[in-house]
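# Structural description and commentary
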Amino acid sequence: MAKPPEVGASAPSFTLPGLLLAEDIAERREYRLEEAKGRPLVLVFYPGDDTPVCTKQLCEYTSDLDRFKNLGATVWGISPQDLDSHERFARKHRLAFPLLADPDRAVARAYGISVPGLGLRRSVFILDGGGTVTWRHIALAGLTFQHTDTLTTQLATLTEG
């Protein structure tokens, strides 16, 4: 299995199907890491749709989405569930950023966070506009998550630098 990219390394490239719920319409399309270049990207790997910790985490990020946008950042969520599951999850909780489907966990493996038989480790990678990892957090157990304050503090260092 690949090791997680270190801070200062280029993030592994990927293309995944995803959806964004916008005004009650689920827009489905392919998401490529390269298309996010030019602005910071917060990649949120989460184990499962509509599970207690994941729901709390993604709802917090949706509530605070303007804080990310004010720092020029985009947020993408990635988990192993398919797009139909993502759409139900997004509609139920009004999630307002793209949810990407990684059903074979190829991207989770590329980021070194896949756990055979269990899924993936709850992780967040912050990338700068060039696709370089500037901060990361990989949970051991995944029972808690990184709050918006932590992530926006890290993002602010990109705009200050």
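Here, every reference points to the structure presented above.
Below: a short report on this structure. (Residues numbered from 1 in each chain as written. Predicted model: local features only at pLDDT ≥ 70, side-chain atom pairs only at ≥ 80, totals over all residues. Heavy atoms only, no water.)

Let us look at helix α3 (residues 83-93). Buried residues of α3: L83, S85, H86, E87, F89 and A90, and no others. Lining the buried residues of α3 we find β1 (15-22), β2 (25-32), α1 (52-63), β4 (74-79) and β5 (99-101). Directly after α3, the chain includes R94, whose backbone phi takes a positive value near 55 degrees. (Buried < 20%, exposed > 50% of the residue type's maximum accessible area, 1.4 Å probe, protein only. Helix = DSSP H or I, 4+ residues; strand = E, 2+ residues; numbered from the N terminus. Contact = heavy atoms within 4.5 Å.)

In this section: the side chain of E60. Residue position: E60 is located in helix α1. Buried charge without a salt bridge: E60, with R67 as the nearest opposite-charge side chain at an N-O distance of 6.5 Å. (Lys, Arg positive; Asp, Glu negative; His and termini not counted. Salt bridge = Lys/Arg side-chain N within 4 Å of Asp/Glu carboxyl O.)

What follows concerns the environment of D50. Considering the arrangement of structural elements, one finds D50 in the loop between β3 (41-45) and α1. Judged by relative accessible area, D50 falls into the partly exposed class, the value being 35%. Linking D50 and A90, residues 40 residues apart in sequence, is a C-alpha distance of 9.1 Å. With residues near it in sequence (within four places) discarded, D50 still touches T55, F89, K92 and H93. Reaching out from D50, the side chain makes a polar contact with the side chain of K92 at a distance of 2.9 Å. Separated by 2.8 Å, the side chains of D50 and H93 make a polar contact. (Polar contact = N/O pair within 3.5 Å; in protein donor to acceptor, adjacent residues only side chain to side chain.)

Quick look at α1 now. At 3.6 residues per turn, the α-helix brings residues three or four places apart onto the same side. For α1, spanning 12 residues, the distance from its first C-alpha to its last is 16 Å, which sits close to the expected 16 Å at 1.5 Å a residue. Among all positions of α1, only C54, T55, Q57, L58, E60, Y61 and T62 are buried. (Expected span 1.5 Å × (residues − 1).)

Functional significance is not addressed by these values, which are geometric in nature.
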